[in-house]
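Structure at a glance
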Amino acid sequence: MVTDPIADFLTRVRNAQMANHRIVEIPASNLKKRITEILYDKGYILKYKFEDDNKQGVIKIALKYDANTKVPAIRSLERVSRPGLRTYSKPADFERVQNGLGIAIISTSKGVMTDKEAKAQNVGGEVLCHIY
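Reference entry: report on the structure contained in this document. Predicted model, so just to flag it, every value in this text is computed and none were measured. (Residues numbered from 1 in each chain as written. Predicted model: local features only at pLDDT ≥ 70, side-chain atom pairs only at ≥ 80, totals over all residues. Heavy atoms only, no water.)

Quick look at the overall build of the protein
The criterion, for reference: A run of H or I in DSSP counts as a helix once it spans at least four residues, and a run of E counts as a strand once it spans at least two, with each numbered from the N terminus. The globule rule is 2.2 Å times the number of residues to the power 0.38, and the radius of gyration it is compared with is taken over C-alpha atoms. Note on definitions: a residue-residue contact is assigned when non-hydrogen atoms from the two residues lie within 4.5 Å. Methods summary: accessible areas were calculated by the Shrake-Rupley approach with a probe of 1.4 Å, and residue burial reflects only the protein chains presented. This count recognises Lys and Arg as positive and Asp and Glu as negative, with His and chain-terminal groups excluded. Charge positions come from single atoms, namely NZ of Lys, CZ of Arg, CG of Asp or CD of Glu.
On a plain count of helices and strands, the protein comes out with three helices and eight strands. Rg of the C-alpha trace for the protein: 15 Å, near the compact-globule value of 14 Å for 132 residues, within the 12% margin. Viewed in the frame of its principal axes, the protein has a C-alpha envelope of about 40 × 40 × 25 Å. When contacts within the protein are restricted to residue pairs at least 6 apart in sequence, those whose partners lie at least 24 apart make up 61%. For the protein, the exposed surface amounts to about 7900 Å²; the carbon and sulfur share of it is 48%. Of note, the protein has its 22 positive side-chain charges centred 2 Å away from the centre of its 15 negative side-chain charges.

A few points about the environment of leucine 101
The condition is simple: For every residue, the accessible area (1.4 Å probe, protein chains only) is compared with the maximum for its type, and the residue is labelled buried under 20%, exposed over 50%, or partly exposed between those bounds.
Along the chain, the position of leucine 101 falls in the loop between strand E5 (88-89) and strand E6 (103-108). Given the relative accessible area of 69%, leucine 101 is considered exposed. Sequence-wise, leucine 101 and glutamine 56 are 45 residues apart; in three dimensions their C-alpha atoms are separated by 34 Å.

Some remarks on unusual backbone geometry
What is expected of a backbone is that most residues other than glycine have negative phi and most peptide bonds are trans. Its identity as a non-glycine residue notwithstanding, asparagine 54 has a phi of 60°, on the positive side. Within the secondary structure, asparagine 54 sits in the loop between strand E2 (45-51) and strand E3 (58-63).

Regarding a positive patch on the surface
Test applied: Nonpolar side chains (Val, Leu, Ile, Met, Phe, Trp, Tyr) within 5 Å and like charges within 9 Å form the patches, drawn only from residues with over 30% relative accessible area and no salt bridge. Salt bridge, as used here, is a side-chain nitrogen of Lys or Arg placed within 4 Å of a carboxyl oxygen of Asp or Glu.
A grouping of Lys42, Arg96, Lys116 and Lys119 is seen on the molecular surface, where their side chains present a positively charged patch. Examined against the element boundaries, arginine 96 turns out to sit in the loop between E5 and E6.

Let's talk about helix H2 (residues 30-41)
This is how it is decided: Expected helix span is computed as 1.5 Å times (number of residues minus one). Within this analysis, the arc is defined by the directions that extend from the helix axis to the C-beta atoms.
Given a rise of 1.5 Å per residue, 12 residues ought to cover 16 Å, and the 17 Å separating the end C-alpha atoms of H2 matches this to within 8%. Among the residues of H2, those classed as buried are Lys32, Ile35, Thr36, Ile38 and Leu39. Buried residues of H2, viewed axially, fall in a sector of 160°; they line one side. For H2, the exposed residues lying more than 90 degrees away from the buried face are Asn30 and Asp41.

Section: the pattern of salt bridges
On inspection of all chains with the given rule, the structure shows seven salt bridges. Glutamate 25 is the salt-bridge partner of lysine 60, the closest N and O atoms lying 3.5 Å from each other. Note that lysine 60 is positioned in strand E3 and glutamate 25 in strand E1 (residues 23-27), a separation of 35 residues in sequence. Relative accessible area serves as the criterion here: at 45%, glutamate 25 is assigned to the partly exposed category. Connected through salt bridges with shared partners, the residues Glu25, Lys49, Glu51 and Lys60 form a single ionic network.

These figures capture arrangement, not role.
What follows is the structure in structure tokens.
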């Protein structure tokens, strides 16, 4: 049983990249699907596919690497808010990730979005993770 599904998602991606896997499979949920869409939109992964297996479903993610050096596109995945210590932030107080080069994924009342989108819509929320 997984107590923190977002941390499990991030760990599976991190471990697959360290092992130089091309594809990683993750049990699906609506929150994980939205995080996957954000990673794709921001160019951190090549492609993704949501598959239905008559249970909760599976997310298949094709990881992105540099063509020459084989370095992963995602350098760091850090969980910020944890089940034991939730971290909430207002739009004015969002931390810059890697001096503006990375993104923070925020769960707001208007859905899951990046820190830049949340700041533009002037909504705060739970800071799920930092990616760069």
